[in-house]
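In case you want the letters, here they are:
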Amino acid sequence: MSTFTTISSDKLARLIGTANAPALIDVRTEEDFAADRRLIPGSIKFGHDNVTDWGGAFAGRRAVVSCLRGEKLAQGTAAWLRQLGVQAETLEGGFEGWKAARLPLVDTRKLPPRDARGRTVWVTRARPKVDRIACPWLIRRFVDPDAVFLYVAPSEVVGVGERFNAAPFDIENVFWSHRGELCTFDVMIEEFGIAFPPLLRLATLVRGADTARPDLAPEAPGLLAASLGLSRMYDDDLDQLEAGMLLYDAFFRWCRDATAETHNWPTNKVKA
């Protein structure tokens, strides 16, 4: 049973992918991590032995710490974080408990190299519409919460990627791009290994909106309309991305929690 300093896997799973998700910190040993290089979605890998060096960056925030089984490394790190002003909890059962519950795990072998501050860096075409907002949302909510996104002229995406060590996405002839009928959002879900039902449902909406296939889902035209509206509202692509984060947060929660909910206006009854 969870206590005020622990959280169960099922409760944490309800928070991941939402704007209210805590910071997720993995402190498995290098040996344990080498045996399974996957991460709980949204997790950042840190060393338990230098928590006093990095822990202050999380002051004032909520954090969940996991090690292999939720024992001494996680509990000791969480205790130190609380000393540093972090509302820190440990994950019951740790990484192994999460894995035993068959909950999603991100394949870190597919991640691009991180910069000096531990962030993944991505580059794509300027003036995004659907995929180029959906993919950053997916990455920040499930893969790397600190990821950096560069929007540049289409002709410069590959060159910028090479010069600034950034992973190009949603352009032709790169790894992170459309494949057959799949859009880049689909590809990222598949490659990172996070194909669970709410994200797959959302992927259908994104694919329908991004590839002119409104027949794929009744909601796809609405997503396209909202995306095109945002692109007209914002001249700055990063401002549009921040607004788009809220849009995809809402669609994700609908896909996860509200697909069966309807809204019916009551019929006025006229008395004879």
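This text follows the structure it describes.
Nothing here was measured: the structure is a model prediction, and the numbers come from that model.

Draft legend 1. Structural context of the overall build of the protein chain. Within the protein chain, the regular secondary structure consists of eleven helices and ten strands. Whereas a compact globule of 272 residues would reach a radius of gyration of roughly 19 Å, the protein chain reaches 20 Å, a difference of no more than 12%. By element, 53% of the accessible surface of the protein chain is carried by carbon and sulfur atoms, the whole surface being about 14100 Å². With 34 positive and 36 negative side-chain charges, the protein chain shows a separation of 4 Å between the mean positions of the two kinds.

Draft legend 2. Representation of the nonpolar core within the structure. Residues W122, W137, F142, F185, L199, L202 and Y248 are the most contacted members of the largest nonpolar core, which totals 52 residues. A total of eight residues in this core trace back to one element, the largest contributor, which is helix α6 (residues 131–143). Setting aside chain neighbours within four positions, we find L199 in contact with W137, L138, F142, F185, I189, I194 and F252. Counting 15 residues, the second-largest nonpolar core is a separate cluster that includes I25, W54, C67 and L81.

Draft legend 3. The arrangement of the sheet that holds strand β1 (residues 6–7) in detail. With parallel pairing, the five strands of this open sheet are ordered in space as β1-β6-β5-β2-β4. Bordering the open sheet on either side are β1 and β4 (43–45), each of which pairs with just one other strand. With two bridges connecting them, β1 and strand β6 (residues 87–91) associate as parallel partners. The residue of β6 that forms the bridge with I7 is L91. Strand contacts of helix α4 (residues 72–83): β2 (23–26), β5 (62–66) and β6, with the helix running at about 175 degrees to β6, the strand carrying the most contacts.

Draft legend 4. Structural context of the pairing of β2. Side chains of β2 alternate between two faces, with A23 and I25 and L24 and D26 buried alike. Two strands pair when backbone bridges link them, and β2 and β4 are joined in this way by three bridges, in the parallel orientation. Each residue of the ladder has a partner; that of D26, found in β4, is K45.

Draft legend 5. Representation of helix α9 (residues 197–210) within the structure. Along its 14 residues, α9 runs 20 Å from first to last C-alpha, staying within 8% of the 20 Å computed at 1.5 Å per residue. Check the buried side of α9 and you find it contacts α6, α8 (184–192), α10 (220–233) and α11 (237–258). Positive phi appears at A212, one or two residues downstream of α9, with a value of about 55 degrees.

Draft legend 6. A look at the sheet that holds strand β8 (residues 121–125). The strand order across the open sheet built from three strands is β9-β8-β10, with neighbouring strands paired in parallel fashion. Two strands lie at the open edges of the sheet, namely β9 (148–152) and β10 (167–168), each paired on one side alone. Bridging between β8 and β9 involves five bridges; their strand directions are parallel. Along β9, the bridge assignment pairs T124 with Y151. Here α6 sits on the sheet in contact with β8 and β9, set at roughly 165 degrees to β9.

Criteria and cut-off values
- Residues numbered from 1 in each chain as written.
- Predicted model: local features only at pLDDT ≥ 70, side-chain atom pairs only at ≥ 80, totals over all residues.
- Heavy atoms only, no water.
- Helix = DSSP H or I, 4+ residues; strand = E, 2+ residues; numbered from the N terminus.
- Rg over C-alpha atoms; globule rule 2.2 N^0.38 Å.
- Areas by Shrake-Rupley, 256 points an atom, 1.4 Å probe, with all protein chains shown as cover.
- Lys, Arg positive; Asp, Glu negative; His and termini not counted.
- Charge placed at Lys NZ, Arg CZ, Asp CG, Glu CD.
- Core = buried A, V, L, I, M, F, W, Y, C linked by side-chain atoms within 4.5 Å.
- Buried < 20%, exposed > 50% of the residue type's maximum accessible area, 1.4 Å probe, protein only.
- Contact = heavy atoms within 4.5 Å.
- Pairing = 2+ DSSP bridges.
- Axes fitted to C-alpha atoms, helices over the stretch in contact; angles between N-to-C directions.
- Expected span 1.5 Å × (residues − 1).

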